[in-house]
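Listed below are the residues making up each chain.
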Amino acid sequence: MAGHVSIRDVSRRFGAFTALDAVSLDIPAGELVALLGPSGSGKTTLLRIIAGLDFPDTGQVLINGEDNVARHPRERGVGFVFQHYALFRHMTVAGNVAFGLQVRPRGLRPSKAEIKARVAALLDLVQLGWLADRYPSELSGGQRQRVALARALAIEPRLLLLDEPFGALDTKVRKELGQWLRNLHHDQAITSLLVTHDQEEALELADRIVLMSQGRVEQIGTPAELYTKPASPFVLEFLGEANRIAGVVGEGGLVRVAGTGDAVAQSIDPGHALAAAGQAVTLYVRPHDLLLEARADGAAVVRSVKVAGAFAKIEVVLADQVLTALTPLHRLPSLHLQEGSRARLVVAQGMSFPTQGAGGSLQFAAPRSFAMA
Amino acid sequence: MSLADSRPAPASSLWGRLRGQRSILPGLGLSLGITLFVLSLIVFLPTAAMVGDAATLGVGGLVHLLATPRVLGAFKVSLGCAALAALTSAIFGLLIAWVLVRTRFPGRRLADAMVDLPFALPTSVAGIALSTLYAPNGWLGSLVAPYGIRISFTVIGVYIALTFVGLPFVVRSVQPVLQDMEAEQEEAAHMLGAGRLQIFSRVIFPAILPSLTAGFAMAFARGLGEYGSVIFISSNRPGVSEIVPLLIVNQLEQFDFAGAAAIGTLMLILSLALLCGIMLLQRLVRSGRHG
Ligand SMILES: Nc1ncnc2c1ncn2[C@@H]1O[C@H](COP(=O)(O)OP(=O)(O)OP(=O)(O)O)[C@@H](O)[C@H]1O
Ligand SMILES: [Mg+2]
């Protein structure tokens, strides 16, 4: 049975430093949740507390409704995969995987033959059967990581905690292992909590993302929710690059760039109190939502055009602000943009986070008068 | 999607092996030459001279000399006490290293420094201190004297003196390994359900075993050669508590140079054999771990 984790008001201080500040969150049984956040935001600290390797100063961690410090790790059924593998160096791969079964008390310990069969099955699962007799020092990083995973799975955990399991691997192996983990998660009755500081990994793999910053939870939601409805500029900027455009709201919710007066966007909710005329706003716009149109009277000047894989990256200067636009490479020729050429700039989609009022965000689209060629 | 890894590359070419492993360290040839020169000057030459001296006795004379009860007794005392003392050092040295690394108590640094005392102390001073301490009227000796146990001036005293000089070898070889051990391995074992005892016996102990055997070997070798502290605490009775190094000195005092050399040669062979045995054991323990 997969585990349901509920974290209530957990705080953890190291001396005067608050590593976790009243963190509360629920991880429904069977979900794969990504714990995402910048370095030092408290991800490892939270994971260790859930694992019972560290203890909160205040608050509790409940696994299936039970306080998890009350039980021996053996009964808790929590698997932990360490960031740096932490394999037992003097044991073979098979020995590492068998460890959790071998240390069980006599009554609960499977027979030697059963352990052997289980280890073989687990190694097949992580596709490392042929390395069973090797020592950890004789494996590659990705292989070690999979051994660590097999070792954690040997005790049939209801909850699997992974601390940046793919952090030390190259992008390709990381993607493969990530997909593989996702499939594994679906095949087993298990709840997984995956720590990562790679937003792409979190967006791709997780059912739900918990975004942390400075020991607090910034936002919890599905990848789509976090990406399309970020609760704060921090969330928005953490989940991908974004341009900031300083502007002023004019009549009809039209946003004009501060300085040039160019109309670049329009509020989709012009009746909103915070979209009232005269209001200064900071528009957050993803590079692919920034549209450019070559025009001799345009206010933006192209600074550089670079090809980056499937996209072209165009840097423009608009009223002293440097902005980045991304456009599919095949569309680049039809844009007729070179270094130094002038262009009109339009926001296809953007948002702002008013500081006054109840927070939340305002959504913006291209001005209604604008029709893309 | 496939994660199947490619098999490891075939072993390096024959040519590569014939030429020997290339090394990135500069001046390997020169430093190797100097090492061999110094080694032969201070180890090989004296040893050869001693073996040559012993050879003057002839095979019959050698066997006759070495089979005397006094010589056999001395070897028994030396080997037995050194082995027992090294074993004791291994056990308590491990304990001391553990406490020094894993616990924090006031005076820990002082205790840490005191471990080196047997290294620094002139052995004769240690011998006098120990024999006074363990004499029937000494602080410790008087505690066991009522039960008819004598420590100073018996083989027990020899054993204690050898333990004293052997202890720092074990502590100093185990301590750094314990210090460098990742806490994560223990945490991993804990998460997998291992108890404290299991974590120690299955995770920590195997990791420090190589350094422990190295410490044991050094303590043992030191015990075989120890002279200064032993002659003070032992009654030095031939065949009972006389150690081999003392026997050699006694032979020399009687101007029996060939006899002394013969005993010395036997000692050398025995020590070498023992150390080789320990090294082999250690290699067995380590095998696989470093590929
Ligand atoms: N044992 C400790 N003593 C003191 N401070 C600590 C300790 N452990 C963590 N911290 C501090 O708590 C903060 C959070 O650390 P944590 O390891 O949870 O970060 P993280 O989110 O996992 O970061 P990363 O992505 O770099 O691994 C950091 O500022 C760190 O310095
Ligand atoms: Mg971390």
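Residues numbered from 1 in each chain as written. Chains lettered and ligands numbered in written order. Predicted model: local features only at pLDDT ≥ 70, side-chain atom pairs only at ≥ 80, totals over all residues. Heavy atoms only, no water.

Under the annotation held in an unreviewed UniProt entry, chain B carries the name Sulfate transport system permease protein CysT and is attributed to Acidisoma silvae. A UniProt comment under Subunit (unreviewed entry) is attached to chain B, and it reads "The complex is composed of two ATP-binding proteins (CysA), two transmembrane proteins (CysT and CysW) and a solute-binding protein (CysP)." Looking at the Sequence similarities (unreviewed entry) heading of the UniProt record, one finds this comment for chain B: "Belongs to the binding-protein-dependent transport system permease family. CysTW subfamily." (UniProt positions renumbered as here; feature names shortened; annotations may be inferred.)

In the nomenclature of an unreviewed UniProt entry, chain A corresponds to Sulfate ABC transporter ATP-binding protein from the organism Acidisoma silvae.

Trainee: Where do I start with the overall build of chain A in this structure?
Mentor: Across its full length, chain A holds ten helices and 21 strands. Principal axes of the C-alpha set define a box for chain A whose edges measure 80 × 45 × 35 Å. Across the 373 residues that make up chain A, the buried fraction comes to 51%. Sequence-distant contacts, at least 24 apart, represent 66% of the contacts inside chain A between residues at least 6 apart. By element, 51% of the accessible surface of chain A is carried by carbon and sulfur atoms, the whole surface being about 16200 Å². (Helix = DSSP H or I, 4+ residues; strand = E, 2+ residues; numbered from the N terminus. Buried < 20%, exposed > 50% of the residue type's maximum accessible area, 1.4 Å probe, protein only. Contact = heavy atoms within 4.5 Å. Areas by Shrake-Rupley, 256 points an atom, 1.4 Å probe, with all protein chains shown as cover.)

Trainee: Would you take a moment to explain a nonpolar patch on the surface for this structure?
Mentor: All names here are of chain B. Nonpolar side chains collect at one region of the surface, where Leu-30, Leu-32, Ile-34, Leu-36, Phe-37, Val-38, Leu-39, Leu-41, Ile-42, Val-43, Phe-44 and Leu-45 lie side by side and expose about 1200 Å² of accessible area between them. Looking at the secondary structure, you find Leu-32 in helix α2 (residues 28-55). Assessed through its relative accessible area of 53%, Leu-32 is described here as exposed. (Patch = residues over 30% accessible without salt bridge, like charges linked within 9 Å, V, L, I, M, F, W, Y side chains within 5 Å. Salt bridge = Lys/Arg side-chain N within 4 Å of Asp/Glu carboxyl O.)

Trainee: Help me understand the UniProt feature "domain: ABC transporter" (unreviewed entry) in chain A, please; the structure alone is not making it clear to me.
Mentor: With numbering aligned to this structure, UniProt lists the feature "domain: ABC transporter" (unreviewed entry) at residues 5-239 of chain A. Counted over residues 5-239 of chain A, helix gives 37% and strand 26%. Its end C-alpha atoms are 25 Å apart.

Trainee: Help me understand the site of ligand 1 in this model?
Mentor: Residue and element names in this part refer to chain A. Within the structure, ligand 1 sits among 13 residues, and Ser-39, Gly-40, Lys-43, Thr-44 and Thr-45 are positioned closest to it. Within the backbone of Ser-41, an N or O atom sits 3.2 Å from an oxygen atom of ligand 1. At 3.1 Å, a side-chain N or O of Glu-164 approaches an oxygen atom of ligand 1. Expressed as a share of its isolated accessible area of 640 Å², the protein-covered part of ligand 1 is 60%. Looking at the shell around ligand 1, the elements that each hand over two or more residues are β2 (17-27) and α1 (43-51). Taken together, the residues that form the shell around ligand 1 break down as four nonpolar, seven polar and two charged. (Near = heavy atom within 4 Å. Polar contact = N/O pair within 3.5 Å; in protein donor to acceptor, adjacent residues only side chain to side chain. Nonpolar A, V, L, I, M, F, W, Y, C, P; charged D, E, K, R; others polar.)

Trainee: Just checking my understanding: could you explain the UniProt feature "domain: ABC transmembrane type-1" (unreviewed entry) in chain B for this structure?
Mentor: Within the UniProt annotation, "domain: ABC transmembrane type-1" (unreviewed entry) is assigned to residues 75-276 of chain B. Between the C-alpha atoms that bound residues 75-276 of chain B there is a distance of 19 Å. The span itself is 77% helix and 0% strand.

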